[in-house]
Amino acid sequence: MAVGAQEGRPVRLPSGGRPTLWEQFLGSGVYESIESAAGIGALGVTSIKMALAPPFPWFRESVDLAATWFKRSVIPQSIAHATYLIGFGIILFGHVFGAIGVADREPGAMYLIWGRELGTTITEMIFAGLVGAAITADLGARRVREELDALSVLGVDNIRSLVVPRVMATGLVAPVLAILSLLWVMVLNLMIAPHDLGFSQSLSLSEIQRSIFPADLFFTLFLKNFLLGIWVGVVACHKGLTCKLGSEGVGRAVNQTVVLAFVGIWMGNAFFNLAYLTAFPGASIFHG
């Protein structure tokens, strides 16, 4: 017999007072993580299947959500990319190029770095922190207020009506933000780098033009960011739908969303780039 921690009455534990190893495992954080990963995978597959089934009722709401999230994200994105470009790209990396006598290669290098790596990493991390957290908080609040249960009683499919539009909206807006960030960085670099590093703007444009690899425009700018946007949406929706009741449960779910989204972004970006360079060896050649 064991004494209840809160009510002070005897509580009978299984197996003569001691939980079995399996029961301990079921109550552990490891099992909770495995269950969460399985739930995220199942929700992602179900959402994609529903999204691809005509007549696509999610399209109008997804476009509206994507427009709202774009307006909320574009200013923080622009500030973050500009700060990182000036501090890392021009002041640090550009002057290293200047020290070895190849400062004119900086524009092409910045195009490749932002198009394949930093454009995705910075964009998706800010997107996950702003939009992913908002999705989780919204769905978690609905769960706490029992709105999700009420919709289920009325026969409304929560995944079809709430999850699919949000997942597809994150997939739509993420590539747009990534492309916009690359254009913004190139314009800002064209305005600052030639004057600071000592080469002409025409040379800067020529370096960027020589560095363009056609496959980059679809695979690293669109497809990769689309997939990572879907990842952010699925994680955010799952954590919102399964959060524990109460304000603390919603807060923990938001925190878990941001952490899981960040880890997925870092790993997904790394593995995608590795697969991309393996499939297109010509992309690893710097033509500047």
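Here the structure is shown first, and the text comes after it.
Computed from a predicted structure; not experimentally measured.

Reading guide: rules and limits
- Residues numbered from 1 in each chain as written.
- Predicted model: local features only at pLDDT ≥ 70, side-chain atom pairs only at ≥ 80, totals over all residues.
- Heavy atoms only, no water.
- Helix = DSSP H or I, 4+ residues; strand = E, 2+ residues; numbered from the N terminus.
- Rg over C-alpha atoms; globule rule 2.2 N^0.38 Å.
- Buried < 20%, exposed > 50% of the residue type's maximum accessible area, 1.4 Å probe, protein only.
- Contact = heavy atoms within 4.5 Å.
- Lys, Arg positive; Asp, Glu negative; His and termini not counted.
- Charge placed at Lys NZ, Arg CZ, Asp CG, Glu CD.
- 1 Å grid on protein atoms, 1.4 Å probe; cavity = no way out; pocket = protein on both sides within 12 Å on 5 of 7 lines; lining within 4 Å.
- Points joined across faces, edges and corners; volume = space filled by probe spheres on them.
- Nonpolar A, V, L, I, M, F, W, Y, C, P; charged D, E, K, R; others polar.
- Expected span 1.5 Å × (residues − 1).
- Bend = angle between axes of the 7 residues up to and from the residue.
- Axes fitted to C-alpha atoms, helices over the stretch in contact; angles between N-to-C directions.
- Parallel < 35°, antiparallel > 145°, perpendicular 65-115°, else oblique.
- Left-handed = near helix turned anticlockwise from the far one by under 90°.
- Salt bridge = Lys/Arg side-chain N within 4 Å of Asp/Glu carboxyl O.
- Phe/Tyr/Trp six-rings, centres within 6.5 Å; stacked < 30°, edge-to-face > 60°.

J.: Explain the overall build of the protein here, please?
T.: The helix and strand tally for the protein stands at 9 helices and 2 strands. In sequence order, the protein lays out its α and β elements as β-β-α-α-α-α-α-α-α-α-α. At 24 Å, the protein has a C-alpha radius of gyration far larger than the 19 Å of a compact globule built from 288 residues. Across its three principal axes, the protein shows a C-alpha extent of roughly 80 × 45 × 35 Å. When burial is assessed residue by residue, the protein has 39% of its 288 residues classed as buried. Long-range contacts, defined here as pairs at least 24 residues apart, represent 82% of the contacts in the protein between residues at least 6 apart. Each charge class in the protein can be summarised by its mean position, and for the 19 positive and 19 negative side chains these summaries are 5 Å apart.

J.: Which parts of the structure should I look at to understand the layout of surface pockets?
T.: Where empty space is left can be seen by rolling a probe of water-molecule size over the atoms. Of the volumes computed, that of the largest pocket is approximately 370 Å³. Together, 14 residues line the largest pocket, and Glu 32, Lys 239, Thr 242, Lys 244 and Gln 256 are the ones closest to its centre. When contributions to the lining of the largest pocket are tallied by element, the ones reaching two or more residues are α2 (29-51), α8 (214-242) and α9 (247-279). Element by element, the count of residues in the lining of the largest pocket is highest for α2, at 5 residues. Here the lining of the largest pocket is built from residues that sort into 2 nonpolar, 7 polar and 5 charged.

J.: What exactly am I supposed to notice about the side chain of Ser 204 here?
T.: Position of Ser 204 relative to the elements: it lies in helix α7 (residues 201-211). In this structure Ser 204 comes out as buried when scored by relative accessible area, which is 1%. In contact with Ser 204, other than residues within four places in its own chain, are Pro 107, Leu 190, Pro 194 and Phe 199.

J.: Hey, could you run me through empty space enclosed by the protein in this one?
T.: Inspection of the entire model under this criterion finds 3 cavities of 30 Å³ or more. Here the largest cavity defines a volume of roughly 50 Å³. Breaking the lining of the largest cavity down by element, the ones donating at least two residues are α3 (59-99) and α6 (158-197). Here the residues of the lining of the largest cavity sort into 4 nonpolar, 4 polar and no charged.

J.: What should I look at first to understand α3 in this one?
T.: An α-helix turns once per 3.6 residues; consequently, residues spaced three or four apart project the same way. End to end, α3 covers just 52 Å across 41 residues, shorter than the expected 60 Å (1.5 Å per residue, more than 12% under). The largest bend in α3 comes to about 35 degrees, at Ser 73, with the proline Pro 76 one to four residues further on. Residue Gly 101 follows α3 closely and has a positive phi angle near 85 degrees.

J.: Explanation requested: the packing of helix α4 (residues 106-144) against α8 in the structure shown.
T.: The description of two packed helices rests on the angle between their axes and on the distance between the axes. Running from N to C, α4 and α8 point in directions that differ by 20 degrees, and their axes come no closer than 8 Å. In terms of orientation, α4 lies roughly parallel with respect to α8. Remark: the crossing between α4 and α8 carries right-handed chirality. Grouping the constituent residues of the contact of α4 with α8 by class yields 13 nonpolar, 10 polar and 6 charged.

J.: Help me understand the pattern of salt bridges in this model?
T.: Side chains that differ in sign of charge can pair as their charged atoms come close. Overall, the coordinates contain 7 salt bridges when judged by the stated rule. Asp 138 is the salt-bridge partner of Arg 166, the closest N and O atoms lying 3.3 Å from each other. Here the residue Arg 166 occupies a position in helix α6, and Asp 138 occupies one in helix α4, the gap between them amounting to 28 residues. You can call Arg 166 buried: its relative accessible area is 7%. With a shortest N-O distance of 2.3 Å, Arg 210 and Glu 207 are connected by a salt bridge. Linking Arg 210 with Glu 207, this pair stays in helix α7, spanning 3 residues, or about one helical turn. One continuous salt-bridge network, built from bridges that share partners, spans Glu 61, Asp 138, Arg 142 and Arg 166.

J.: I keep staring at the packing of aromatic side chains and nothing clicks. Help me out?
T.: Describing an aromatic ring pair means giving the distance of the ring centres and the angle of the ring planes. Overall, the coordinates contain 13 aromatic pairs when judged by the stated rule. With a centroid separation of 5.4 Å and 35 degrees between ring planes, the pair formed by Tyr 84 and Phe 88 is classed as tilted. Linking Tyr 84 with Phe 88, this pair stays in helix α3, spanning 4 residues, or about one helical turn. Classification of Phe 88 as partly exposed rests on a relative accessible area of 26%. Centre to centre, the rings of Phe 218 and Phe 219 are 5.0 Å apart; their planes meet at 85 degrees, and the pair counts as edge-to-face. Residue Phe 219 is classed as partly exposed on the basis of its relative accessible area of 25%.

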